[in-house]
Amino acid sequence: GVGALLVVLFSIGVFAYFRKDLPNIQDITGSDRGGSIRYYDKTGEVLLWEDFESVKRIPVKLDEINQFVKDATVAVEDKDFYNHGGFNLRGIIRATLNNARGGSTQGGSTITQQFVKNTQDWANDVTITRKIKELILSVELERSYTKEEILAGYLNIVPYGAFEVGVESAAQSYFKKPAKDLNLSESVFLAAIPQSPQYYSVYSPDFDQELFTKRIHY
């Protein structure tokens, strides 16, 4: 009993210590990440010009994204997405053991954690401190938003290579169609990219076709 109490008190202390410097994520649409400004003709159908700076991003609602994309993304990135509360303890342990044995580097991150990492620009920070902060914000997000809202936020903010950020921009760049019209094979193609756009995006100079082929057959 004393041991359990000490664990609880320690956990509360860790949470309080790291939480005090963390932001409150009140907008999960990714609107603060910027996006493209699109100019159409008077019919509203013909795109005349697209103005963007460092990213091309076209935010869309979840019902404007094909179900194939949503299912493929969950399957390849976080198959337990609808069952966990922000993090997957088994995934973290599995990734830690695999990395310790010298296997391929794994992060054990859920879709919620990846969303937090991308919104906070923590992609290049691999410290334990960052991981703890990521876990705290992930749990808070799961308590504040529905799974559908978190998935929509994720699909609107993850990178798909080159300037493409978000699935709508990626769908139009790779396949010249909106995300709602993607078929199964196109959806699997896009779902494979966010884990490592450097190697999985055909727009990247480091694109590795062999690795990408293995990824889409994962």
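Residues numbered from 1 in each chain as written. Predicted model: local features only at pLDDT ≥ 70, side-chain atom pairs only at ≥ 80, totals over all residues. Heavy atoms only, no water.

(A) Broad picture of the packing of helix H7 (residues 167-175) against helix H8 (residues 184-191). Contact geometry of H7 with H8 gives a least axis separation of 11 Å together with a crossing angle of 115°. Handedness of the H7/H8 crossing: right-handed. Contact with H7, carried on its side by Val167, Ala170, Ala171, Tyr174 and Phe175, involves Glu186, Phe189 and Leu190 of H8 and no other residues of that element. In terms of residue class, the contact of H7 with H8 is built from 7 nonpolar, no polar and 1 charged. (Axes fitted to C-alpha atoms, helices over the stretch in contact; angles between N-to-C directions. Helix = DSSP H or I, 4+ residues; strand = E, 2+ residues; numbered from the N terminus. Left-handed = near helix turned anticlockwise from the far one by under 90°. Contact = heavy atoms within 4.5 Å. Nonpolar A, V, L, I, M, F, W, Y, C, P; charged D, E, K, R; others polar.)

(B) Just the packing of aromatic side chains, in detail. Tallied over the entire structure, the rule returns 8 aromatic pairs. Seen in terms of ring centroids, Phe81 and Tyr82 are 4.9 Å apart; in terms of plane orientation they differ by 70°. Their pairing is edge-to-face. A residue is classified by how much of its surface remains accessible, and Tyr82, at 45% relative accessible area, is partly exposed. Here the aromatic residues Tyr174, Phe175, Phe189, Tyr200, Tyr203, Phe207 and Phe212 are joined through ring pairs into a cluster of three or more. In this structure, Lys147 packs its charged tip against the face of Phe81, placed 4.6 Å from the ring centre. (Phe/Tyr/Trp six-rings, centres within 6.5 Å; stacked < 30°, edge-to-face > 60°. Buried < 20%, exposed > 50% of the residue type's maximum accessible area, 1.4 Å probe, protein only. Lys NZ or Arg CZ within 6 Å of the ring centre and 35° of its normal.)

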